Structure formats: C-alpha cells, structure tokens
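# Reading the structure
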Amino acid sequence: MSSRDVVLGRVRRALAEAPRGQRAGGPGDPPVVRDYHRVHGSRTPAQRVDLLAENLADYRAIVHRSDPGGLPALIHRLLAERGARTVLAPPGLEAAWLAASADSGVTLVEDRATDTPRELDAVDSVVTGCAVAVAETGTLVLDAGPDQGRRRITLVPDHHLCVVRVPDQVVDSVPEALGRLAPERPQTWISGPSATSDIELDRVEGVHGPRTLEVILLTDAEPGRSMPRSG
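By convention here, each chain's residues receive numbers from 1 onward along its written sequence. pLDDT decides what is reported in this predicted model: residues at 70 or higher carry local features, side-chain atom pairs at 80 or more are listed and counted, and totals for whole chains, interfaces and linings draw on all residues regardless. Water and hydrogen atoms were dropped before computing side-chain values, which therefore reflect all heavy atoms in the structure.

Further remarks concern the overall build of the protein. A helix here means a DSSP run of H or I that spans at least four residues, while a strand means a run of E at least two residues long, and both kinds are numbered starting from the N terminus. A count of helices and strands for the protein gives six helices and 12 strands. When each of the 231 residues of the protein is scored for burial, the buried share is 39%. Total accessible area on the protein is roughly 13,200 Å²; 52% of this is exposed by carbon and sulfur atoms. A 1.4 Å probe rolled over the protein chains alone gives each residue an accessible area, and that area as a share of the maximum for its type sets the label: buried under 20%, exposed over 50%, partly exposed in between. Residue exposure ignores everything except the shown protein chains as possible cover, and the areas themselves are Shrake-Rupley values with a 1.4 Å probe.

What follows is the structure, encoded as structure tokens:
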C-alpha cells in the first residue's frame, strides 16, 4: 500500500464519522469554528514594526529606516551602492522617490505588459511599495497594486527594493493580513530573498527570484526627534 493510499484511507474514515450533511460543506452545514489565536501576544505599533524588522533581517533581507524627506536620497544611495543603472518602477510609484536617482543618470524602466523574461532579467533593480507586511513572519505581501506592478517584475530582476509604510501597512499576524487583502487579486508573499537548498543543505539564493531583498521602513519622524535614515 502506498503512502497516498494510507492518507486517503484516513480521510475516508474521518469523513465516515461525520453527518452526511457536513461532508460537502453546503449552505446548510454548521459554520467552521475558527477559535484559534489571531495574534500571539500584545504589541504597540512600535513593537510591531521592530518585530517585522527583526524577522526580515532573520530571513536575510537588508532593512533600512527612513522618513519621507530622506527617502529619495536613501533609495539613490542604495541603488548606487549596487551599481544599478536601470531601475524598473511601477506606474503608481511616487515619482519623487526616484527623482534623485533619475537626476544622476539612472534609466527608469516602465512596467510594460510586453516585457519578456529576458528583458526583465536585464534590469538591475526594481523598486516597489507593498500591500501589507506581517510582523510575526517577516513577510511582505504584494497584490499588484499601482505602486507594486505585475508579479513578474519582482520575480525576475536580481534586486528588489521594497518600501513599507509604517506603522499603517504592518499587521501582527497572517490572519490579520488576509483580512486586508482582496482574494481575487494576484498576490506575492515574500519572506526574504529567493533561496533554496540542495540535498546537502547548501543554500543558494536567487534561483527563482531576487537574490537581494532590501526593505525600507518608511515613517514620519516624531516631532523634535531625528530618525535614522538607514539601518
């Protein structure tokens, strides 16, 4: 008997004990009990953002912090450090974010439906926003919004720079994130740079996605306080 037969046999036995009306999940069936914890613990907004930063770094993402005034210069510096000469930007991304880079001679590439994987692979970096970020798992979620573009622009180029507005776009848990997302929209869930391991457990990055993920936590500085622009 195969493992598949064993698993299916257990499913059949479990279903046999349920009333027939509950097997198909029809409209007359009782609601599914979802009494699991939606959030583990209690956090302030600042603690939530710090946990997100910690878990992003644990997944080998590079985390920076900025206020709106310092964001264009920070993005310009990060792109310059990578030697990026071509940068893909979704149409809804704030133009001011890339103004300093464009002034320095960086070529801004449009997000075009006709772009082939080969053309996207030639792009040095992509800069996007995000839909929501999950603190407990260090996950960024993109849903093809105007400042995020099509899924493939964050799957092919080797360097992804993602801006997260904090604390507004940060939630504690996956259930909370799902409540903010429209299920009919295409979603990309990102926990660190693309990585895989072979049978010897040798980690290889960049096989099926960006080799480098940088995240900028964008927030307004508190009155009278100077906020660090990167970290």
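This next bit is on the pattern of salt bridges. For salt bridges, the criterion is a side-chain nitrogen of Lys or Arg within 4 Å of an Asp or Glu carboxyl oxygen. If you walk through the whole model with that rule in mind, you get 10 salt bridges. A salt bridge links D172 to R43, with the shortest nitrogen-to-oxygen separation between them at 2.6 Å. Linking D172 in the loop between strand 8 (170-171) and helix 6 (174-180) with R43 in the loop between helix 1 (3-16) and helix 2 (45-58), this pair joins segments that are 129 residues apart in sequence. Looking at D172, the relative accessible area reads 5%, which means it is buried. D115 serves as the salt-bridge partner of R112, at 3.0 Å between the closest nitrogen and oxygen. Judged by relative accessible area, R112 falls into the partly exposed class, the value being 36%. Using a relative accessible area of 4% as the deciding quantity, one classes D115 as buried. Because the salt bridges share partners, they merge into one network encompassing R43, R48, E136 and D172.

Paired strands are those between which DSSP finds at least two bridges. The strand order across the open sheet formed by six strands is 1-12-7-4-2-3, and the pairing between neighbours is parallel. The sheet is open, and its two borders are formed by strand 1 (62-66) and strand 3 (107-110), each paired with just one other strand. Each strand of the sheet is rotated relative to its neighbour by a mean of 25°, with strand direction disregarded. Two strands pair when backbone bridges link them, and strand 4 (residues 125-128) and strand 7 (residues 159-165) are joined in this way by three bridges, in the parallel orientation. Across the sheet, V127 pairs through a bridge with L161, a residue of strand 7. To obtain each axis, a line is fitted to C-alpha atoms, and for helices this fit is confined to the stretch in contact; angles are then taken between N-to-C directions over 0 to 180 degrees.

Before going further, it helps to spend a moment on the environment of A61. Tracing the backbone shows A61 in the loop between helix 2 and strand 1. A residue is classified by how much of its surface remains accessible, and A61, at 7% relative accessible area, is buried. Once the C-alpha coordinates of A61 and E214 are considered, the two residues, 153 residues apart in sequence, prove to be 5.7 Å apart. Not counting the four nearest positions on each side in its chain, A61 is found in contact with L56, P193, L213 and V215. Contacts: residue pairs with any heavy atoms within 4.5 Å of one another.

A few words now on the sheet that holds strand 9 (residues 188-190). By way of backbone hydrogen bonds, the strands of a sheet pair with one another, either parallel or antiparallel. With mixed pairing, the four strands of this open sheet are ordered in space as 8-5-6-9. Lying at the two open borders of the sheet, with one neighbouring strand each, are strand 8 and strand 9. Pairing of strand 5 (residues 132-134) with strand 8, which is carried by two bridges, proceeds in the parallel orientation. By the bridge assignment, A133 is partnered in strand 8 with V170.

In plain terms, two cysteine sulfur atoms within 2.5 Å form what is called a disulfide here. One pass over the structure, following the stated rule, counts zero disulfides. Lacking any disulfide linkage, C130 is separated from the closest cysteine sulfur, that of C162, by 4.7 Å. The class of C130 is buried, set by a relative accessible area of 2%.

This part covers the nonpolar core. Residues enter a nonpolar core if they are buried and are Ala, Val, Leu, Ile, Met, Phe, Trp, Tyr or Cys, with the set joined through side-chain atoms within 4.5 Å. Counting 20 residues, the largest nonpolar core has L52, L56, L140, V164, V170, V215 and L217 as its most contacted members. Among the elements that make up this core, the one with the highest residue count is helix 2 (five residues). Filtering out sequence-adjacent residues up to four positions away, L217 remains in contact with V49, L52, A53, V63, H64, R65, S66, V164 and V166. Residues A84, L93, W97 and L98 belong to the second largest nonpolar core, which totals 17 residues.

It is worth stressing that arrangement in space is one thing and function is another; only the former is reported here.
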